[in-house]
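Residue-level structural notes
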Amino acid sequence: MAVPPTETAVPGVLEPTALGPSAALGARFGRLRAIGGIWLPAFLVAAILFLCFLWPIIGPVPAPTGGSILNSNLPSFSPGHLFGTDINGNDEWSRLLYGGRASLEVSIAVTAIGLLLGGLLGAFAGYIGGWREGVIMRLFDVLIAFPALVLAVAIAERLGPGEVHTIWALSFFSVPALARIARAATLRVREQNYIVAAGLSGTGHTRMLLRHIMPNILPELMTFALLGMGIVIVLEGALSFLGLGIQAPTPSWGNMIASGQGLLSAQPKFVLLPSAALFITVVCFNLLGESLRARWSAQ
Amino acid sequence: MLRFLGRRLLLAIPVLWGVTFLTFLVINHLPGNAAQELLGINATPQQVHELSVQLGLDKPLLTRYVNWLHDLVTGSLGHSLASGQSVTSILGADLPVTFELVAFALLIALVFAVPTALLSARRPGGVFDRVAMVFSMAGLSIANYVLALILVYVFAVKLNWLPALGWVPPDHGFGTNIKYLIMPAVSIALSLLCFYTRQLRADLIQQLHGEDYVTTARAKGAGAWRVITRHALRNSVFGLITTVALNFGTLLGVTVIIEEIFGLPGIGHELLSAINQRDVPVVEGAVFVFALMVILANLIADLLYAALDPRVKYGSATN
């Protein structure tokens, strides 16, 4: 992921690197820690998903837009408004939830596109080798060196800013990044006996790729995809922050932070609340990805 | 060595070409052009057309790109459509700002990352290590623009210690210059610092646990601290160099948003405003410089390998 993209955000976490062996701990304590290390962030991620996607439907959450100006700037803990209201009279808690929904939708979609397109192309390049590998990987080199900001501005101006277009713009990061990881993983499994055996028994390229290689590199890809989720959430925030992503009045954490910037000295909560939400979500995805990676590389 | 250098620079050309061509296509497909942006919304179509002809915007896309390439080969990046200044002089004025920002951020990150990683790797799972790992995970998860705003709130709004935005060149007093630079640099440095710490720590632990030379050093009676700083660190430095080089592109991307928040007149800021003005030569120039810097960073990393590790020889055998 380049530029702002590539570069922005948590730099280079997508690069495949082995995590060192963790310290020798007492067996029981280590087991407990390992379980906590995966289940705690997994539970938190589930809770965030529930709050952002289901709670606004089933719970008493007011609409995030169209509030009355008469209710503007209510303080936190006002009746019916947990975090008060913004200057337009919209409920801040509701804007946080709906904003999170937008951020999560974007990051899930971008990661899924990256896994599907990048994973398949990278695995194909690593498996087939030769000039086709060269062409595919050079193409991704160009995309990685291409300043994502130019692309994001272009997409925003050409198609109009919005959630779907943000997804397209950010996919230009996730596809090459995951393709590189898929290729590296494929190079590692390509020489394994079962691949050679499958090749000798006359398995075709498509079947080989889909039935033999993909299932074996998928765990590693999924782990990096989880770490990538955090990066995408931050990037989406950056685009919305620059006014190129999701547009007000539709809330997203990025545009909430950007609009709170002007009120920073008077009412820092408009920056701090969405920032905290962004931070907690990214921490959870990073923790989950890290502990999966640690477990996976220990095997 | 020279052959290796030449080969690497040759390989960089297609990537540079692809990046600039793609940028050209993308910017030229945006609605509106520089003439429209310069004249504003009240201009008549006639005026816009005349200025377009004057600026050479009516020529076909490929002709303009080939002209740009031709200029590039002769060492010129063309002239800004908005101000008429040469792009080289515009970028020449911006480059020191971005360069100082990036260098300062890298310096902060490395100065803190190396000792932290050494102390952590000395006793993995110890108190220091655990605290460092918790903090580095938290630091990795803070978006740089969030950190920038929090720093502004604390140090500029509440404490009034540092200026919230602006830029003073170093020749107007180095102290003042640093005062304006410190918050932008820290905003960029924190996530880098955390990332480098984690990478270096993992690498050091791997070296300390699995390598024969560590056993040898211990057997000859070298102390734990000496083994880790003189033996393990020297080998782990290569991983760190790779990480820094690979992240360089990301780092440059981050400067765009940070320069925007703090009002620094660097290349990122120039790029954003040039995109908005459809000032194609300036966008092309900035993108070209960004891509060139990323490629050079990777090349320097490879050369540093050779300088630091006597086993690495670049030439016909390894490449």
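Each value, and the rule that gives it
- Residues numbered from 1 in each chain as written.
- Chains lettered and ligands numbered in written order.
- Predicted model: local features only at pLDDT ≥ 70, side-chain atom pairs only at ≥ 80, totals over all residues.
- Heavy atoms only, no water.
- Helix = DSSP H or I, 4+ residues; strand = E, 2+ residues; numbered from the N terminus.
- Buried < 20%, exposed > 50% of the residue type's maximum accessible area, 1.4 Å probe, protein only.
- Contact = heavy atoms within 4.5 Å.
- Areas by Shrake-Rupley, 256 points an atom, 1.4 Å probe, with all protein chains shown as cover.
- Lys, Arg positive; Asp, Glu negative; His and termini not counted.
- Charge placed at Lys NZ, Arg CZ, Asp CG, Glu CD.
- Salt bridge = Lys/Arg side-chain N within 4 Å of Asp/Glu carboxyl O.
- Patch = residues over 30% accessible without salt bridge, like charges linked within 9 Å, V, L, I, M, F, W, Y side chains within 5 Å.
- Domains from an automatic or database assignment.
- Buried area = accessible area lost by both parts, 1.4 Å probe.
- Polar contact = N/O pair within 3.5 Å; in protein donor to acceptor, adjacent residues only side chain to side chain.
- Nonpolar A, V, L, I, M, F, W, Y, C, P; charged D, E, K, R; others polar.

1. As for the overall build of chain B
- A count of helices and strands for chain B gives 13 helices and 0 strands.
- N-terminal to C-terminal, the α/β element order of chain B is α-α-α-α-α-α-α-α-α-α-α-α-α.
- Principal-axis analysis of the C-alpha atoms gives chain B an extent of 85 × 60 × 35 Å.
- Scored against the burial criterion, the 319 residues of chain B give a buried share of 50%.
- Considering only contacts in chain B between residues 6 or more positions apart, those separated by 24 or more positions represent 73%.
- Accessible surface for chain B amounts to roughly 15200 Å². Of this, 65% is attributable to carbon and sulfur atoms.
- Charged side chains in chain B number 20 positive and 18 negative. The centres of these two groups are separated by 19 Å.

2. Here we look at the overall build of chain A
- The helix and strand tally for chain A stands at 10 helices and 0 strands.
- Of the regular secondary structure in chain A, the N- to C-terminal order runs α-α-α-α-α-α-α-α-α-α.
- Burial statistics for chain A: of 299 residues in total, 51% are counted as buried.
- Here chain A has roughly 13100 Å² of accessible surface; of this, 67% comes from carbon and sulfur atoms.

3. Structural notes on the environment of B:Ile241
Residues and elements named next belong to chain B.
- When you line up the elements, Ile241 lands in helix α10 (residues 224-246).
- Overall, Ile241 belongs to the buried group, its relative accessible area being 14%.
- Every residue in contact with Ile241, bar those within four places of it in the chain, is listed here: Ala301, Leu304, Tyr305 and Leu308.

4. A closer look at unusual backbone geometry
- For B:Asn160, which is not a glycine, the phi torsion comes out positive at approximately 60°.
- By the element assignment, B:Asn160 lies in the loop between α7 (144-158) and α8 (174-210).

5. Looking at the side chain of B:Glu284
- Examined against the element boundaries, B:Glu284 turns out to sit in helix α13 (residues 280-308).
- Take B:Glu284: its relative accessible area is 1%, and that puts it in the buried class.

6. So, the pattern of salt bridges
- All chains considered together, the criterion is met by 5 salt bridges over all chains.
- Its salt-bridge partner being B:Arg198, residue A:Glu290 comes within 3.6 Å of it at the nearest N-O pair. Taken together, the positions of A:Glu290 in helix α10 (residues 269-298) and B:Arg198 in helix α8 put the pair across two chains.
- Given the relative accessible area of 11%, A:Glu290 is considered buried.
- The class for B:Arg198 is buried, based on a relative accessible area of 16%.
- Measuring nitrogen to oxygen at the nearest pair gives 2.7 Å for the salt bridge that ties B:Arg201 to B:Asp129. Of this pair, B:Arg201 sits in helix α8 while B:Asp129 sits in helix α6 (residues 127-140), placing them 72 residues apart in sequence.

7. Observations regarding a nonpolar patch on the surface
All names here are of chain B.
- Among the surface-exposed residues, Leu9, Leu292, Leu296, Ile300, Leu304 and Leu308 lie close enough to one another that they form a single nonpolar patch of about 480 Å² accessible area.
- Here the element with the most residues in the nonpolar patch is α13; it accounts for 5 residues.
- Residue classification places Leu308 among the partly exposed residues on the basis of a relative accessible area of 42%.

8. Thoughts on the domain arrangement of chain B
All names here are of chain B.
- What the domain assignment lists for chain B is domain 1 (2-73) and domain 2 (94-308).
- Placing the centre of domain 1 and that of domain 2 at their C-alpha centroids yields a distance of 33 Å.
- The interface of domain 1 with domain 2 comprises 22 residues on the first partner and 16 residues on the second.
- Counting the surface lost from both domain 1 and domain 2, the interface buries some 1700 Å², and carbon and sulfur atoms represent 77% of this.
- Its largest share of buried area at the contact with domain 2, domain 1 owes to Arg8, Leu16 and Ile27, together 29% of the area lost on that side.
- Connecting domain 1 to domain 2 are 0 salt bridges.
- Inspection of the domain 1/domain 2 interface yields 0 residue pairs in polar contact (both at pLDDT 80 or more).
- Per element, the largest residue contribution to the side of domain 1 that touches domain 2 is 13 residues, and it comes from helix α1 (residues 2-28).
- A per-class count over the side of domain 1 that touches domain 2 returns 15 nonpolar, 5 polar and 2 charged.

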